Amino acid sequence: MEIIKIIGIALVALIIIILLKQYKPEFAIYISLLTGVLILILVMDELKGIIALLQSLASKASINGNFLTLLIKITGIAFLSEFAVSVCKDSGEGAIASKIEIGSKIIIISMSIPILSSLLEIILKILP
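Below: a short report on this structure. Values in this document were obtained by computation on a predicted structure and should not be read as measured data. (Residues numbered from 1 in each chain as written. Predicted model: local features only at pLDDT ≥ 70, side-chain atom pairs only at ≥ 80, totals over all residues. Heavy atoms only, no water.)

What about the packing of aromatic side chains?
Two aromatic rings, taken as a pair, are described by how far apart their centres are and by the angle between their planes.
So, point 1. Counted according to the given criterion, the structure contains one aromatic pair.
So, point 2. Between Phe-27 and Tyr-30 the ring centres are 6.2 Å apart and the planes differ by 45 degrees, which places this aromatic pair in the tilted class. With Phe-27 and Tyr-30 both in helix H2 (residues 25–60) and three residues apart, the pair spans about one turn of that helix.
So, point 3. Judged by relative accessible area, which is 39%, Phe-27 ranks as partly exposed.
So, point 4. Its relative accessible area of 54% is what places Tyr-30 among the exposed residues. (Phe/Tyr/Trp six-rings, centres within 6.5 Å; stacked < 30°, edge-to-face > 60°. Helix = DSSP H or I, 4+ residues; strand = E, 2+ residues; numbered from the N terminus. Buried < 20%, exposed > 50% of the residue type's maximum accessible area, 1.4 Å probe, protein only.)

Quick look at the structure:
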């Protein structure tokens, strides 16, 4: 039960952060960041399983492996940027958080262009 570990770590970190904010508020962000990284490490095994399943399904469906790799990278960028945005917002830096959001959206759009162009080619072949 990974979720119990995640919730436990989060609750312990929350208590530590609440206590630290009274005496050393500058250290609270470090605990928050460390907690986020620890939770990401805990779910890495789950992510490996999901990626293996996707690769298996892609090979059975004869989907180009490059597209699957690209989709996994795009998903990773979305998760990591959301993590960074949350850390920035927690530390009171909403302006930086919005810049990360904009930058990650632009990168995701630019990375998805090959998939979109391939999809359009397929549609054009199907249409008379």
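What to know about the packing of H2 against helix H3 (residues 65–90)
So, point 1. In contact at an axis separation of 12 Å, H2 and H3 are set at 165 degrees when each is read in the N-to-C sense. Taken together, the axis directions place H2 and H3 in an arrangement best described as roughly antiparallel. Between H2 and H3 lies a crossing of right-handed hand. From H2, Ile-29, Ser-32, Leu-33, Gly-36, Val-37, Leu-40, Ile-51, Leu-54, Gln-55 and Ala-58 reach across to H3, where they touch Leu-68, Ile-72, Phe-83, Val-87 and Asp-90.
So, point 2. A per-class count over the contact of H2 with H3 returns eleven nonpolar, three polar and one charged. (Axes fitted to C-alpha atoms, helices over the stretch in contact; angles between N-to-C directions. Parallel < 35°, antiparallel > 145°, perpendicular 65-115°, else oblique. Left-handed = near helix turned anticlockwise from the far one by under 90°. Contact = heavy atoms within 4.5 Å. Nonpolar A, V, L, I, M, F, W, Y, C, P; charged D, E, K, R; others polar.)

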